[in-house]
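# What the coordinates show
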Amino acid sequence: MGDAQKLKRIIATDCGSTTTKSILIEYIDGEFRQTVRGEAPTTVEKPLNDVTRGVINAVTELEELARIKYNDDSIKFTKDNKIWLTNKEDQGVDAYVSTSSAGGGLQMMVTGVVARMTGESAERAALGAGAIVMDLIASNDKRANHEKIERIRHLRPDMILMAGGVDGGTTKHVAEMAELVGAADPKPRLGSSYKLPVIYAGNNKARDIIKETLDKKTDLIITDNLRPTLERENLGPARDKIHDLFMEHVMAQAPGYNKLMSWTKGPINGKLVDIPIMPTPAAVGNIMQTIAKVNNIEVLGVDIGGATTDVFSVFTEQRVFNRTVSANLGMSYSISNVLATAGIDNILRWVPFDIDKSMLRNMIKNKMIRPTTIPQQLEELVLEQAIAKEALRYAFIQHKEFAVSLKGGQRQREISEAFSQSVSGDTIVNMMSLDLLVGSGGVLSHAPRRNQSVMMMIDAFLPEGITRLAVDSIFMMPQLGVLAEISEKAATEVFEKDCLIYLGTCVAPVGKIKHNKVSLTAKIELPNGETFEEEIPFGELRLLPCGVDETAKATLKPARGLDIGAGKGQEVETELHGGVVGIVLDTRGRDPFVLPDSAEERVPLLKKWMKELDAYPMEILE
């Protein structure tokens, strides 16, 4: 795609709402590797009001670390207070790319005629493009027209995506929706000197009506209908328009982004050209789809940030991609919303010691008003990870509700790929057929022990059957997603060698069984020559050593009534992949997984499981 062979040094940054992360990618010994990384607080808000300050700080750290690594004080990545792009040997860098979710990311409102049909399709297009959907307004959403107008007027989105009607169908409801938007006369969130961008991707017969109503009041862009027939979705053109407008209108208005946009450049076909800043979630989605495509597997990924939690999935044989954004579930700015959504008792059920509820509330409020702080004591870390489990669990619930097949018969959808489905209205998320669960975001990628990441991911997502677990090592999936725009080779090589850290494999039987019965009979030949053999009762965890790039030959027989993928009570012979943590055998139950209500019963169980997983130092589990 690009001039990969000419690239020697590339800098990629991700401007998040809390921190700006930078990585250096170098061409060494015939392959691309990520060599050093830096980070600095994001500076898009007051008092600095300039995102490039944080970028320069993060890149300066890269520069200093590279000098130490190569013992060469002449290494220089910045010049005249900006990224130094040059094609001179051993000077500056050859390319600079960036993603961004700072300042709240891309915030959109979508409209449709029927909420569960064209409205849902519009929502999918916006989410697939990396946006946060603030509201879906539809003709049948049961709100009075004056309420809808009031809502549109007060939301102040970055842009609106309008859908509705099949091509050639009735125009009445689409025209009504346009009149509501026109009456609201909406203003953009950032900057008051330009018109709000509105993308119309509905019934082609209504285009003239839409122009007449909205052309003078908004910056109207008309593209192909995203639901040309009831049986087909065509999300690609609308998504491309969203990306174009994100750059031209939204980013240009955020503090410092005009300057940053002039810095992001890379060589394509021998020429140094502008490389658009990509919304962070869109970049992560690109990488997730690449993993699924290259390895022909089903993938579920999560990116838990300070303000939002994104869940990405690629399921079914047609590799259907879905993305959801839980806009109010995050670990710093939105941490109070996790408390409000989950409730304090749901958070405390993961904590293996007594704590005053008011102390937990105070800790959460402090984290919200000081979002860049990290836990200073072990108890705070345990509490933060308990909150993370609930944030991840609720984000996943929302994802399962959204990732459904289209309502109706045979369907076709397109978000970078097309697919067809025959089942309608049901969730397509099937944890039993899932191959790989990938965690990303500070609380998962930076956990002091990888065992803690395994514990959080298993407790929050409850993988079923046999599932591999991995984390984004240093949270670089966004940067690799945008890097693929100039060099797929560089992005793929770094992804395979430096990005994913495989944690191991989780084996979990599904189904109901009495608590005193044997749940799983396992015989596992480990790489160290030992053989693990046990009839594991219900309610237990076992952690077996099996390193990265190692596999263990396993014979697994679930109890009658339980299933690990081959059917109830059916034995499975397979190879289990290892990782930095190992193989986890989890017989605590799935569908349902139940934690005792009483602390007297629950706390000893939590301590037993945490000890088995080696999640925390022993002193906190005594």
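Counting starts from 1 at the beginning of each chain's written sequence and moves along it residue by residue. The predicted nature of this model means local features are confined to residues of pLDDT at least 70 and side-chain atom pairs, given and counted, to a pLDDT of 80 or more, with totals for whole chains, interfaces and linings taken over all residues. Computation of side-chain values covers all heavy atoms of the structure but excludes hydrogens and water.

## Focus: the overall build of the protein
- Numbered from the N terminus, helices here are DSSP runs of H or I no shorter than four residues, and strands are runs of E no shorter than two. Within the protein one finds 17 helices and 28 strands.
- Both definitions apply: the radius of gyration is a C-alpha atom measure, and the globule rule equals 2.2 Å times residues to the power 0.38. Relative to the 2.2 N^0.38 estimate, which gives 25 Å for 622 residues, the radius of gyration of the protein is 25 Å and therefore close to what a compact globule would have.
- Each of the three principal axes of the protein carries a C-alpha extent, and together these read 75 × 65 × 50 Å.
- Classification of residues uses two cut-offs on accessible area relative to the type maximum, computed with a 1.4 Å probe and protein chains only: under 20% is buried, over 50% is exposed, and between them is partly exposed. Split into buried and exposed, the 622 residues of the protein put 58% on the buried side.
- Contacts are residue-level and defined by heavy atoms, with any inter-residue pair within 4.5 Å sufficient. Considering only contacts in the protein between residues 6 or more positions apart, those separated by 24 or more positions represent 68%.
- Accessible surface area values rest on a Shrake-Rupley calculation with a 1.4 Å probe, where residue burial reflects the displayed protein chains alone. In the structure as shown, the protein presents an accessible area of about 25300 Å², 46% of it carried by carbon and sulfur atoms.
- Side-chain charges of the protein comprise 73 positive and 84 negative groups, with the mean position of each set lying 4 Å from the other. All tallies of charge rest on Lys and Arg as positive and Asp and Glu as negative; His and the ends of each chain are not included. Where a charge lies is defined by one atom per residue type: Lys uses NZ, Arg uses CZ, Asp uses CG and Glu uses CD.

## A few points about the sheet that holds strand β10 (residues 197-200)
- Spatially, 5 strands are ordered β8-β7-β9-β10-β11 in an open sheet, and the strand pairing comes out parallel. Edge positions in the sheet fall to β8 (131-138) and β11 (219-222), since each has one partner strand and no second. Put simply, the sheet's adjacent strands are angled 20° from each other on average, direction ignored.
- Two strands make a pair as long as DSSP finds a minimum of two bridges between them. Examined bridge by bridge, strand β7 (residues 106-112) and β8 share 7 bridges and lie parallel to one another. Bridge pairing in β8 links Leu106 to Ala131.
- Axis geometry follows a simple rule: fit a line to the C-alpha atoms, using only the stretch in contact for helices, then measure angles between N-to-C directions, giving values from 0 to 180 degrees. Taken strand by strand, helix α4 (residues 172-184) contacts β7, β8, β9 (159-162) and β10, and its axis lies near 165° from that of β9.
- Where helix α5 (residues 207-214) meets the sheet, its contacts fall on β9, β10 and β11, and the angle it forms with β11 comes to roughly 170°.

## What about the pattern of salt bridges?
- Each salt bridge in this description consists of a side-chain nitrogen of Lys or Arg and a carboxyl oxygen of Asp or Glu lying within 4 Å of one another. Overall, the coordinates contain 33 salt bridges when judged by the stated rule.
- A salt bridge links Arg151 to Asp135; the nearest nitrogen and oxygen atoms lie 2.7 Å apart. With Arg151 in helix α3 (residues 145-155) and Asp135 in strand β8, this pair connects stretches of sequence that are 16 residues apart.
- According to the relative accessible area criterion, Asp135 is buried, its value standing at 14%.
- Bridged by salt links that share partners, the residues Asp135, Asp141, Arg143, Lys148 and Arg151 form one connected network.

## A few points about the sheet that holds strand β24 (residues 531-537)
- The strand order β24-β23-β26-β27 describes an open sheet built from 4 strands, whose pairing is antiparallel. Either end of the sheet is taken by a strand with one partner, and the two such strands are β24 and β27 (572-577). Within this sheet the neighbouring strands show an average axis-to-axis angle of 25°, counted without direction.
- As paired strands, strand β23 (residues 518-525) and strand β26 (residues 551-558) are joined by 6 bridges and run antiparallel to one another. Its bridge partner lying in β26, Leu520 is registered against Pro558.

## Topic: the packing of helix α12 (residues 378-402) against helix α14 (residues 450-461)
- Two elements in contact, α12 and α14, have axes whose closest approach is 8 Å; the angle formed by their N-to-C orientations is 40°. Considering only the axes of α12 and α14, their crossing is right-handed. Between α12 and α14, the contacting residues are Leu381, Gln385, Ala388, Lys389, Leu392, Arg393 and Phe396 on the first element and Gln452, Met455, Met456, Asp459, Ala460 and Phe461 on the second. Each crossing gets its hand from how the near helix is turned against the far one by less than a right angle, where anticlockwise is left-handed and clockwise is right-handed.

## Description of a negative patch on the surface
- The residues that make up patches have over 30% relative accessible area and no salt bridge, and they are joined within 9 Å when like-charged or within 5 Å when they are Val, Leu, Ile, Met, Phe, Trp or Tyr. Together, Asp354, Asp597, Glu600 and Glu601 line one region of the surface with negative charge.
- You can see Glu601 is positioned in helix α17 (residues 599-613).
- You can call Glu601 exposed: its relative accessible area is 52%.

## Some thoughts on the pairing of β24
- Summarising the sheet, β23 and β24 pair through 7 bridges and their orientation is antiparallel. Looking at β24, one finds that Ile524 is bridged to Phe532.
- Following β23, the chain reverses through 5 residues before pairing antiparallel with β24; Gly529 in that reversal takes a positive phi of roughly 95°.

## Quick look at the side chain of Ser519
- Tracing the sequence through the fold places Ser519 in strand β23.
- Among all residues touching Ser519, those that are not within four sequence positions of it are Pro509, Ile513, Ile536, Pro537, Phe538, Lys557, Pro558, Ala559, Leu562 and Thr587.

## Comments concerning the confidence of the model for the protein
- Here the protein averages 89 in pLDDT, while 96% of its residues score no lower than 70.
- Here residues 408-423 scores under 50 on pLDDT; set against residues more than four positions off or in separate chains, the count is 57 contacts. For every residue, the predictor assigns a confidence score, pLDDT, that lies between 0 and 100.

## Observations concerning unusual backbone geometry
- Of the consecutive residues Lys46 and Pro47, the connecting peptide bond is found in the cis state with omega at 5°.
- Looking at where Pro47 falls in the secondary structure, it is placed in the loop between β3 (31-41) and α1 (51-70).
- Residue Pro592 is bonded to the preceding Asp591 through a cis peptide linkage, with omega at 15°.
- Backbone geometry places Lys142, a non-glycine residue, at a positive phi of 70°.
- Looking at the element boundaries, Lys142 is found in the loop between β8 and α3.
- Judged by relative accessible area, which is 84%, Lys142 ranks as exposed.
- Despite not being glycine, Arg156 shows a phi value in the positive range, around 50°.
- Relative to the helices and strands, Arg156 is located in the loop between α3 and β9.
- Overall, the relative accessible area of 37% leaves Arg156 in the partly exposed class.

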